[in-house]
Amino acid sequence: MTFTFAVPAADPATAAAHFSARLSVETDVSDVHADLSARTPALVVVDTRGAAAWTQGHLPGAVHLPTAEIATRAAEVVPAGSAVVTYCWGPGCNGATRAALEFARLGYRVKEMLGGFEYWVREGLPVVTAGGLTRRPVDDLTAPRSSITCDC
């Protein structure tokens with residue numbers, strides 16, 4: 001008996017549709033970092049956490065728009081036609097999911113950044129704090145120490 005395939009795997013067409021659908025609404029920290037570094041036009045990365053979390057540290061280039069304010073303030077903060085990426089604390093928090101839902105309801109193309117702020121920091125990517133730009137050492141359980149990407 002196999003545990004992995006106790007429930008048979010989906011047929012390839014079903015699997016392809018499933019994984020394509022996931023990738024249409026999710027992204028990861030290394031892809032967001034690459035796009036921010038390349039200054040991808042019309043990309044707006046939104047930190048959906050509260051003011052204390054924002055002040056503690058946030059992604060360079062991100063805008064601050066807490067989830068509770070998206071419905072009323074999105075149009076003044078995020079230009080129409082922008083592609084939006086939302087993030088919150090990390091994989092144990094669904095704030096970015098709720099925020100992405102709000103942006104989708106408002107008609108924005110949106111993706112959620114998997115891993116959130118936690119994995120951004122754990123992968124050694126730059127963070128803006130009151131003291132300026134900073135980085136923590138790479139957690140080698142999330143990325144190779146020699147690179148900001150896992151090459152996947």
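Each remark here, short or long, concerns the structure printed above.
On a predicted model such as this, the values are computed, not experimentally measured, just so you know.

Colleague: Just checking my understanding: could you explain helix 1 (residues 12-23) for this structure?
Modeller: Across its 12 residues, helix 1 extends 16 Å between first and last C-alpha, which sits within 8% of the 16 Å expected from 1.5 Å per residue. The N-capping residue of helix 1, defined by a side-chain oxygen 3.1 Å from the backbone nitrogen of Ala13, is Asp11.

Colleague: Any chance you could explain the nonpolar core here in plain terms?
Modeller: Val32, Val45, Leu59, Tyr87, Met113 and Trp120 are the most contacted members of the largest nonpolar core, which totals 14 residues. Residue assignment for this core shows that the elements contributing at least two residues are helix 2 (29-37), strand 4 (83-87) and helix 6 (116-122). Apart from the residues lying within four places of it in its own chain, the contact partners of Trp120 are Val29, Val32, His33, Leu36, Leu59, Pro60, Met113, Leu125, Pro126 and Val127.

Colleague: Would you mind showing me how to read the sheet that holds strand 4 here?
Modeller: In spatial order, the strands read 1-5-4-2-3; together these five strands make up an open sheet with parallel pairing. Strand pairing shows two members of the sheet lacking a second neighbour, strand 1 (26-28) and strand 3 (63-64), which therefore form its edges. Pairing of strand 2 (residues 43-47) with strand 4, which is carried by five bridges, proceeds in the parallel orientation. Opposite Asp47, over in strand 4, you have Tyr87 as the bridge partner. Running at roughly 155° to strand 4, helix 5 (residues 95-105) makes contact with strand 2, strand 4 and strand 5 (109-114) of the sheet.

Parameters at a glance
- Residues numbered from 1 in each chain as written.
- Predicted model: local features only at pLDDT ≥ 70, side-chain atom pairs only at ≥ 80, totals over all residues.
- Heavy atoms only, no water.
- Helix = DSSP H or I, 4+ residues; strand = E, 2+ residues; numbered from the N terminus.
- Expected span 1.5 Å × (residues − 1).
- Polar contact = N/O pair within 3.5 Å; in protein donor to acceptor, adjacent residues only side chain to side chain.
- Core = buried A, V, L, I, M, F, W, Y, C linked by side-chain atoms within 4.5 Å.
- Buried < 20%, exposed > 50% of the residue type's maximum accessible area, 1.4 Å probe, protein only.
- Contact = heavy atoms within 4.5 Å.
- Pairing = 2+ DSSP bridges.
- Axes fitted to C-alpha atoms, helices over the stretch in contact; angles between N-to-C directions.

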